Amino acid sequence: QQQVKQSPQSLIVQKGGISIINCAYENTAFDYFPWYQQFPGKGPALLIAIRPDVSEKKEGRFTISFNKSAKQFSLHIMDSQPGDSATYFCAAITSGTYKYIFGTGTRLKVLA
Amino acid sequence: EAQVTQNPRYLITVTGKKLTVTCSQNMNHEYMSWYRQDPGLGLRQIYYSMNVEVTDKGDVPEGYKVSRKEKRNFPLILESPSPNQTSLYFCASSWTVAAEAFFGQGTRLTVV
């Protein structure tokens, strides 16, 4: 019940295309859903986050779509660029338990 | 500059030899946590701390110890390392659990 299932494991997209990464969860107590971006040799860095009272959040080319009834949330990267090539992690947090649950990661490669 | 500093960045050790990985943050964050990153498994939380002298187990605490005697420091201790603890370790800090987490650069540990 504490798991977050992330897909796909890897993704190749042409420059200018849309990258979509999906995450699903079971625990309805999760109340914070961030996405992290990690470049090789670096620690993860927060990209964008959403709370369950909002169905969509957009920051530049990055959008989180949140479907509370389906217990799913996804990251959309519009106009994907080679510089977006990185590993992306979704996560889910229950504030009351202080635990951070990450997905297994998606390695994105954007072809020039 | 706001940062989380881990040391060392790379460490090769032998089975059973106690080691400590240090973590320090300069943002006065209350929440700190340790993760291990393994291929195909994503980031898994080892231990977390809600504040000074308050720590609790994450999903994979076996074989690890932590302490939080000062707000800025959160060392990870491996009393008797084993080869299955070979991994990439990250320390992170944030104001609270449901807030942007700032990650260190990582410590690549090899236990032979």
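Here's what I pulled together on the structure shown here. (Residues numbered from 1 in each chain as written. Chains lettered and ligands numbered in written order. Predicted model: local features only at pLDDT ≥ 70, side-chain atom pairs only at ≥ 80, totals over all residues. Heavy atoms only, no water.)

Comments concerning the sheet that holds strand β8 (residues 72-77) of chain A
Residue and element names in this part refer to chain A. The five strands lie next to each other as β1-β3-β8-β7-β6, forming an open sheet whose pairing is antiparallel. At either margin of the open sheet sits one strand with a lone partner, and together these are β1 (4-7) and β6 (56-59). Neighbour to neighbour, the strand axes of the sheet diverge by 15° on average, direction disregarded. Of the pairings in the sheet, the one linking strand β3 (residues 19-25) to β8 comprises six bridges and is antiparallel in character. Bridge pairing in β8 links Cys-23 to Phe-73. (Pairing = 2+ DSSP bridges. Helix = DSSP H or I, 4+ residues; strand = E, 2+ residues; numbered from the N terminus. Axes fitted to C-alpha atoms, helices over the stretch in contact; angles between N-to-C directions.)

Some points on the side chain of Gln-37 of chain A
Assignment of secondary structure puts Gln-37 of chain A in strand β4 (residues 33-38). On the basis of relative accessible area, Gln-37 of chain A is assigned to the buried category, the value being 14%. (Buried < 20%, exposed > 50% of the residue type's maximum accessible area, 1.4 Å probe, protein only.)

A few points about the environment of Phe-33 of chain A
Residues and elements named next belong to chain A. If you trace the backbone, Phe-33 turns up in strand β4. Sequence separation between Phe-33 and Ser-85 is 52 residues, and the spatial gap between their C-alpha atoms is 21 Å. With residues up to four places along the chain from it excluded, the contact list for Phe-33 reads Tyr-25, Ile-48, Ala-49, Ile-50, Pro-52, Ile-64, Phe-66, Phe-73, Ala-91 and Ala-92. (Contact = heavy atoms within 4.5 Å.)

Looking at the sheet that holds strand β7 (residues 65-66) of chain B
Two modes of strand pairing occur in sheets, parallel and antiparallel, and in both the strands are linked by backbone hydrogen bonds. Here four strands make up an open sheet; going across it, the order is β1-β3-β8-β7 (chain B) and the pairing antiparallel. Each end of this open sheet is capped by a strand with a single partner; those strands are β1 (4-7) and β7 of chain B.

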